[in-house]
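# Tertiary structure, described
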Amino acid sequence: MAAHDHEDEHEEHAHSHCILSSPRWFNQSSAILVLLAPLALAAAYSPDQFSAKAVMNKNLYNPTYGVGARAEQFSLRTDDKGKIPAAKPAPARAPAVVDMPPPADNSSKVPGAPGPATAAAVAQTPATPPGAAKTQSYGSFTLADLEAQIPRNKNGNFELNVPEIYYTAGDAEVQKAIAGQTIETVAQVLPEKVNNANGHRLRVFRLLVQCCAADARPYSVPVDFGKKAPEIKDMTWVRVTGKLTYAKEGDQIVPIIQATGLEETTAPADAMIY
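Everything in this summary refers to the structure shown in the same document. (Residues numbered from 1 in each chain as written. Predicted model: local features only at pLDDT ≥ 70, side-chain atom pairs only at ≥ 80, totals over all residues. Heavy atoms only, no water.)

## Concerning the overall build of the chain
Helix and strand counts for the chain stand at 7 helices and 11 strands. Across the 274 residues in the chain, those meeting the buried criterion constitute 43%. Of the contacts formed within the chain by residues at least 6 apart in sequence, a portion of 74% connects residues at least 24 apart. Total accessible area on the chain is roughly 15,300 Å²; 56% of this is exposed by carbon and sulfur atoms. (Helix = DSSP H or I, 4+ residues; strand = E, 2+ residues; numbered from the N terminus. Buried < 20%, exposed > 50% of the residue type's maximum accessible area, 1.4 Å probe, protein only. Contact = heavy atoms within 4.5 Å. Areas by Shrake-Rupley, 256 points an atom, 1.4 Å probe, with all protein chains shown as cover.)

## Some thoughts on the side chain of R201
Structurally, R201 can be placed in strand β7 (residues 201–208). Polar contacts involving the side chain of R201 include one to the side chain of D224, which spans 3.2 Å. Each residue touching R201, except ones within four places of it in the same chain, is listed here: E192, V194, N195, N196, P222, V223, D224, A229, E249 and I256. (Polar contact = N/O pair within 3.5 Å; in protein donor to acceptor, adjacent residues only side chain to side chain.)

## Concerning the packing of aromatic side chains
Counted according to the given criterion, the structure contains 5 aromatic pairs. Between Y65 and Y166, the ring centres sit 5.5 Å apart and the planes meet at 45°, which makes this aromatic pair tilted. With Y65 in the loop between α3 (52–57) and α4 (71–74) and Y166 in helix α6 (residues 162–167), the pair connects residues that are 101 residues apart, well separated along the chain. Assigned by exposure class, Y65 and Y166 land together as buried. Aromatic pair Y166 and Y219: ring centres 4.8 Å apart, planes at 70°, arrangement edge-to-face. Of the two residues, Y166 is situated in helix α6 and Y219 in strand β8 (residues 217–224); the sequence distance between them amounts to 53 residues. (Phe/Tyr/Trp six-rings, centres within 6.5 Å; stacked < 30°, edge-to-face > 60°.)

## What about the pairing of strand β6 (residues 182–191)?
Within β6, 9 of the 10 residues are buried, which leaves it mostly tucked inside the rest of the structure. Where β6 meets strand β9 (residues 237–249), 7 bridges bridge the pair, whose relative direction is antiparallel. From the neighbouring strand, Q188 faces β9, where its bridge partner is W237. (Pairing = 2+ DSSP bridges.)

## Re the nonpolar core
In this structure, L76, L160, I178, V204 and I257 are the most contacted members of the largest nonpolar core, which totals 40 residues. If you list the elements that add at least two residues to this core, you get α6, α7 (172–178), β6, β7, β8, β9 and β10 (252–264). The biggest single contributor to this core is β10, with 6 residues. Sequence-distant contacts of V204, defined by excluding residues within four places in its chain, comprise V162, A187, Q188, V189, Y219, S220, V221, V223, V238 and V240. (Core = buried A, V, L, I, M, F, W, Y, C linked by side-chain atoms within 4.5 Å.)

## Topic: the environment of N157
Within the secondary structure, N157 sits in the loop between α5 (143–149) and β5 (158–159). With relative accessibility at 9%, the residue N157 sits in the buried group. Separated by 24 residues in the primary sequence, N157 and Q181 have C-alpha atoms spaced 7.7 Å apart. Not counting chain neighbours up to four residues away, the residues in contact with N157 comprise P151, R152, T182, I183, E184 and T241.

## Concerning the pattern of salt bridges
Per the counting criterion, the structure on display carries 7 salt bridges. Taking the shortest distance from any N to any O, the salt bridge between K176 and E173 comes out at 3.7 Å. You can see K176 and its partner E173 sitting in helix α7, 3 residues apart, about one turn around the helix. Look at K176 and you get partly exposed, because its relative accessible area is 47%. Through salt bridges with shared partners, a single ionic network connects R201, D224 and E249. (Salt bridge = Lys/Arg side-chain N within 4 Å of Asp/Glu carboxyl O.)

## A short note on the side chain of D171
Position of D171 among the secondary structure elements: in the loop between α6 and α7. On the basis of relative accessibility, which here comes to 5%, the residue D171 falls in the buried class.

Spelled out as structure tokens, the structure:
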């Protein structure tokens, strides 16, 4: 009987030692909290998009128009296999200046937005210094080809995304077909800091993902309003309507949207282009 009581007392002591006296459960709980706390804070407070500063630091203002990864995907010309034909240097020719009539007044939905722009479209192949982006000729491309690939929307405009506009700078024949046509694009807006001494421009961009979101690169084009640009909060999503034109700035041919309208809009389902 005494031996049995002794065994019970020993088992009770051992049980008490394992559950109440051992610090193991406390140490495990503490370790879990140490791991989970920063993860929870990161999930709660980390931004789910790039800031304006981050986008600017990704060469927003130093694009090489017409050049970059995935050019075939955004080319306005493709063959029956979805590929653009091999390029050849564009033949030298004198600049062809396309005079456009002033567009009809299209009141913007943004307070203070400007009226018609009157800039001319320049569709040309410049003498390109070594190292600069070269405008190429890929064979004939007409307005009919453009309409077959990108039907006009209900407003009679071509809907293009910013990378498509960006890459037209590398194709002389596409420029000839689309210069002066009215387009629409949805993008985010930031101030223009290049060739904007008179304050007439904003810059619109879309982020294009090459591999993962961390390496997303902004593809951007200037938007010219013909007078002081409207004040829009940085990174706002906007729908821009205007005539697509081209001008030689520095050593590049630059696609420029001569705006006839601008309105704030909601972000598309895919804020980044994949």
